[in-house]
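The primary structure of each chain is shown beneath.
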Amino acid sequence: MLNSLISEYLMRTPHSAIAHRRAAAVLPGGETRSITYHAPYPLSIVKGRGAELTDVDGHIYVDLVNNYTSLIHGSMYAPATASAAQALADGGVFASPHRYQVDLADMLAERVPSIEQVRFTNSGTEASLLAARLARHVTGRKQLLVFDGGYHGSARLGSEHEIVTVPYNDLEAVQKALSEDIAAVFAEPFLGAGGVVPSAPGFLREVAELARSRGALFVLDEVQSLRNDVSGEQGRLGLQPDLTLMGKIIGGGMPLGAMGGARRLLEVTAANRPGSLPHSGTFNGHLTAVAAGATTLQHLDASAIERLNQWAESLQGAIAAAADEAGLPVTVTRAGSILQVHTAAITPTNAEHVREATSPLNSALHLALLLEGVYTTPRGMINLSTAFTADDLSSVVRAYTHAFRLLSYCV
Ligand SMILES: Cc1ncc(COP(=O)(O)O)c(C=O)c1O
């Protein structure tokens, strides 16, 4: 089945093949972002508008990737683009603080009660690294507790003996591992890259309390999840993290990350404070990104989020029903407007369950959907933007229905 899908893909996308060969001459593997690669080669996308992408062969796709959850309003969101253009016209970036940075920081502090101050970076990865440094600096401890399947960016937060890993949703394991050497617990409100696995009710509140009782910081990584509620998932889950990591949507489509949190912690990075923890970066808080980000968040109010989450719930039900009709073992997990289609009948509560359930059907489903005009991630994560319409929903459900029928012939 996979071979025949690949043959069809090769026939349908000759110009993507040429683009891939050209790219591979100068970019290792023809890409510059490992996660975006899939066999036989990724599509070469030339244009994005709203929830629609066009590839170099002229095929049109419904976008369910949205640059891995960062394009909350879809591609080329006109108000955000206009704000970025205005920021460029103003000079783009200066070695001096700017009102646009303060505007976005204000907005984040207003939306998220645990955030009093903000420090900007260029990516979620850099925000994680900064939080790790800050936690070590203020506690004088070296180790960090993280969850198996948790993703905090593409850089390691410490050496092997500095990182203690426990299964997600396992409070007993957290209790055992939370020694006096742990500077901080890093957690996502749900495992994102680890398979869109929700946290069990009350789990993260207990983790936060445990961390504090043992003198460690509780760092909540909302790089993906901030989109799910006006105050992020922490609002929905009743959490008050010491530090919050942000990225993706806060840059309005441009590269931006941020660490926010309690004033007493953030002020440790203030350059006018004796013995402060220095934090620099040539492009920190680039004006195009903070301006586009502020406009993006302005247009992401409670009702827009509610609509997105409802679309996602409908899509979750429709995909599950289509799989059921085809007799395929499929589970669709969801957190707000982010979903994961698992090609197995499971109720995953940790990353091990997701790994065990990963089947070769995954790649086949991904290619089958691309051939049906639906752009998804190779691992099965999909997410919605506010540009998504009722027509898009119908097309996507039709595509999954066809793809599942096709796949059902080979299981
Ligand atoms: C939860 C989480 N944290 C951190 C990151 C890293 O962000 P960036 O890719 O901007 O470095 C990601 C990226 O996918 C993420 O999902």
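Before we move on, can you summarise the overall build of the chain with the specific residues and values?
Along the chain, the regular secondary structure elements total 15 helices and 16 strands. Expected size for 411 residues packed as a compact globule is a radius of gyration near 22 Å; at 21 Å, the chain falls within 12% of this value. Its C-alpha atoms put the chain at 65 × 55 × 45 Å along the principal axes. The buried share among the 411 residues of the chain stands at 54%. Residue pairs in contact within the chain that sit at least 24 positions apart in sequence constitute 72% of those at least 6 positions apart. Carbon together with sulfur atoms contributes 53% to the accessible area of the chain, which is approximately 17500 Å² in total.

Please set out unusual backbone geometry residue by residue, giving values where relevant.
Residue Pro40 is reached from Ala39 by a cis peptide bond, and omega for that bond is 0°. Mapped onto the fold, Pro40 is located in the loop between helix 2 (14-26) and strand 1 (45-49). The backbone of Lys248 shows a phi angle near 45°, a positive value even though the residue is not glycine. Positionally, Lys248 belongs in the loop between strand 11 (243-246) and strand 12 (257-261). Note on Lys248: relative accessible area 26%, which makes it partly exposed.

Got a sec to walk through the packing of aromatic side chains? Specific residues and values, please.
Counting across every chain of the model gives seven aromatic pairs. Summarising the aromatic geometry, the rings of Tyr168 and Phe203 are spaced 5.8 Å apart at their centres and angled 70° between planes, so their arrangement reads as edge-to-face. Taken together, the residues span a long stretch of sequence, with Tyr168 in the loop between strand 6 (163-166) and helix 7 (171-177) and Phe203 in helix 8 (residues 203-213) at a distance of 35 residues. Of the residues examined, Tyr168 reaches a relative accessible area of 2% and is grouped as buried. Members of the aromatic cluster, each reached through a chain of ring pairs, are Phe147, Tyr168 and Phe203.

I'd like to hear about the sheet that holds strand 5 (residues 143-147), residue by residue, with values.
If you walk across this open sheet you meet the seven strands as 4-12-11-10-7-5-6, and the pairing is mixed. Two strands close off the open sheet at either side, each with one partner strand: strand 4 (117-121) and strand 6. This sheet shows a mean twist of 20° between the axes of neighbouring strands, independent of strand direction. One ladder, built from four bridges, connects strand 5 with strand 6; its direction is parallel. Its bridge partner being in strand 6, Leu144 is matched across the sheet by Ile163. Together, strand 5, strand 7 (182-187) and strand 10 (217-221) form the strand contacts of helix 8, whose direction differs from that of strand 10 by roughly 145°.

Account for the pairing of strand 5, with residues named and values stated.
Of all five residues in strand 5, five are buried, a share of seventy percent or more. Residues Gln143, Leu145 and Phe147 line one face of strand 5 and the alternating positions Leu144 and Val146 line the opposite face, and both faces are buried. When strand 5 meets strand 7, the two strands line up parallel, connected through three bridges. Of the residues in strand 7, the one forming a bridge with Leu145 is Val185.

Give a description of the site of the ligand that names residues and reports values.
The ligand sits among Ser123, Gly124, Thr125, Tyr151, His152, Gly153, Glu188, Asp221, Val223, Gln224 and Lys248. One nitrogen or oxygen atom from the main chain of Gly124 is found 2.9 Å from an oxygen atom belonging to the ligand. Here a nitrogen atom of the ligand sits 2.7 Å away from a polar atom, N or O, in the side chain of Asp221. Across the complex, the protein chains shield 82% of the 390 Å² of accessible surface that the ligand would expose by itself. For the shell around the ligand, a count of residues per class yields two nonpolar, six polar and three charged.

Now, about the nonpolar core: what can you tell me, with residues and values included?
In this structure, Leu64, Leu108, Phe120, Ile250, Val341, Tyr400 and Phe404 are the most contacted members of the largest nonpolar core, which totals 66 residues. If one sorts the elements of this core by residue count, helix 12 (residues 302-326) sits on top with nine residues. Taken domain by domain, this core gets at least three of its residues from each of domain 1 (2-75 + 302-408) and domain 2 (78-298). Contacts of Ile250, omitting those with residues within four sequence positions, involve Leu104, Leu108, Leu226, Leu256, Gly257, Ala258, Ala289, Gly293 and Leu297.

Give a detailed account of helix 11 (residues 287-298), specifying residues and quantitative values.
Between its first and last C-alpha atoms helix 11 spans 16 Å; for twelve residues at 1.5 Å apiece the expected length is 16 Å, and the two agree. The element helix 11 is extensively covered by neighbouring structure, given that eleven of its twelve residues are classed as buried. Here helix 11 has its buried residues at Leu287, Thr288, Ala289, Val290, Ala291, Ala292, Gly293, Ala294, Thr295, Thr296 and Leu297. Lining the buried residues of helix 11 we find helix 4 (78-90), helix 5 (99-111) and strand 4.

Here is what the cut-offs are and how they apply
Residues numbered from 1 in each chain as written. Predicted model: local features only at pLDDT ≥ 70, side-chain atom pairs only at ≥ 80, totals over all residues. Heavy atoms only, no water. Helix = DSSP H or I, 4+ residues; strand = E, 2+ residues; numbered from the N terminus. Rg over C-alpha atoms; globule rule 2.2 N^0.38 Å. Buried < 20%, exposed > 50% of the residue type's maximum accessible area, 1.4 Å probe, protein only. Contact = heavy atoms within 4.5 Å. Areas by Shrake-Rupley, 256 points an atom, 1.4 Å probe, with all protein chains shown as cover. Phe/Tyr/Trp six-rings, centres within 6.5 Å; stacked < 30°, edge-to-face > 60°. Pairing = 2+ DSSP bridges. Axes fitted to C-alpha atoms, helices over the stretch in contact; angles between N-to-C directions. Near = heavy atom within 4 Å. Polar contact = N/O pair within 3.5 Å; in protein donor to acceptor, adjacent residues only side chain to side chain. Nonpolar A, V, L, I, M, F, W, Y, C, P; charged D, E, K, R; others polar. Core = buried A, V, L, I, M, F, W, Y, C linked by side-chain atoms within 4.5 Å. Domains from an automatic or database assignment. Expected span 1.5 Å × (residues − 1).

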